Amino acid sequence: MKDKEFKQIYVHETHTLSCSNGELYIDGDFGSIVWNCETLFTDLPHIIQMVYKAREETNKRIKENIEEITKLISE
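What you see is a predicted model; the values in this text were computed from it and never measured.

A. Structural view of the overall build of the protein. When helices and strands are tallied, the protein shows 1 helix and 3 strands. The helix and strand sequence of the protein, counted from the amino end, reads β-β-β-α. Against the compact-globule benchmark of 11 Å for 75 residues, the protein has a radius of gyration of 19 Å, which places it well outside the compact range. Summarising its shape, the C-alpha atoms of the protein cover approximately 60 × 30 × 25 Å along the three principal directions. Going through the 75 residues of the protein one by one, you find that 5% of them count as buried. Of the contacts made within the protein by residues no fewer than 6 positions apart, 2% connect residues no fewer than 24 positions apart.

Take a look at the structure:
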């Protein structure tokens, strides 16, 4: 059996979120993603942890950039 090739989908923003029959439907310019709610519920703590860490790194980078700009302006 050949290895499956998975298409990577980039989600910049969503247009609609809906739920039906135990499935979450996420629609956007990328098309539609259907996610089993039970699986999502199980994965959600891990997803939140990863997203929170990424957000903290972004905040740190932004703060450092602002401090650099402030230093340049005040010289």
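What follows picks up the thread again.
B. Representation of the state of the cysteines within the structure. Scanning all chains against the criterion turns up 0 disulfides. In this model Cys-19 remains outside any disulfide bridge; the closest cysteine sulfur is found in Cys-37, 3.4 Å from its own. A residue is classified by how much of its surface remains accessible, and Cys-19, at 55% relative accessible area, is exposed. Classification of Cys-37 as partly exposed rests on a relative accessible area of 25%.

C. Fine view of the pairing of strand β1 (residues 16-20). Where β1 meets strand β2 (residues 23-28), 5 bridges bridge the pair, whose relative direction is antiparallel. Bridge pairing in β2 places Ser-20 opposite Glu-23. Connecting the antiparallel pair β1 and β2 is a turn made up of 2 residues, with Asn-21 showing a positive phi of about 55 degrees.

D. Expanded view of the sheet that holds β2. Read from one edge to the other, the open sheet built from 3 strands follows the order β1-β2-β3, with strand pairing classed as antiparallel. Two strands lie at the open edges of the sheet, namely β1 and β3 (31-36), each paired on one side alone. Between one strand axis and the next, the sheet turns by 20 degrees as a mean value, whatever way the strands run. Looking at chain direction, β2 and β3 are connected through 6 bridges and run antiparallel. If you follow Tyr-25 over to β3, its bridge partner there is Val-34.

E. Broad picture of unusual backbone geometry. We note that Asn-21 has phi near 55 degrees; this positive angle belongs to a residue other than glycine. Note on placement: Asn-21 falls in the loop between β1 and β2.

F. Up close: helix α1 (residues 37-74). Between the first and last C-alpha of α1 there are 52 Å, a value that for 38 residues agrees with the 56 Å anticipated at 1.5 Å per step. Approximately 45 degrees is the largest bend angle found in α1, and it occurs at Asp-43, with the proline Pro-45 only one to four residues beyond. Where α1 begins, the side chain of Asn-36 points an oxygen toward the backbone nitrogen of Glu-38, at a separation of 2.9 Å.

G. Structural view of the pairing of β2. Across the two faces of β2 the burial differs, with Leu-24, Ile-26 and Gly-28 buried and Glu-23, Tyr-25 and Asp-27 not buried at all. Following β2, the chain reverses through 2 residues before pairing antiparallel with β3.

Parameters and conventions
Residues numbered from 1 in each chain as written. Predicted model: local features only at pLDDT ≥ 70, side-chain atom pairs only at ≥ 80, totals over all residues. Heavy atoms only, no water. Helix = DSSP H or I, 4+ residues; strand = E, 2+ residues; numbered from the N terminus. Rg over C-alpha atoms; globule rule 2.2 N^0.38 Å. Buried < 20%, exposed > 50% of the residue type's maximum accessible area, 1.4 Å probe, protein only. Contact = heavy atoms within 4.5 Å. Disulfide = S-S within 2.5 Å. Pairing = 2+ DSSP bridges. Axes fitted to C-alpha atoms, helices over the stretch in contact; angles between N-to-C directions. Expected span 1.5 Å × (residues − 1). Bend = angle between axes of the 7 residues up to and from the residue. Polar contact = N/O pair within 3.5 Å; in protein donor to acceptor, adjacent residues only side chain to side chain.

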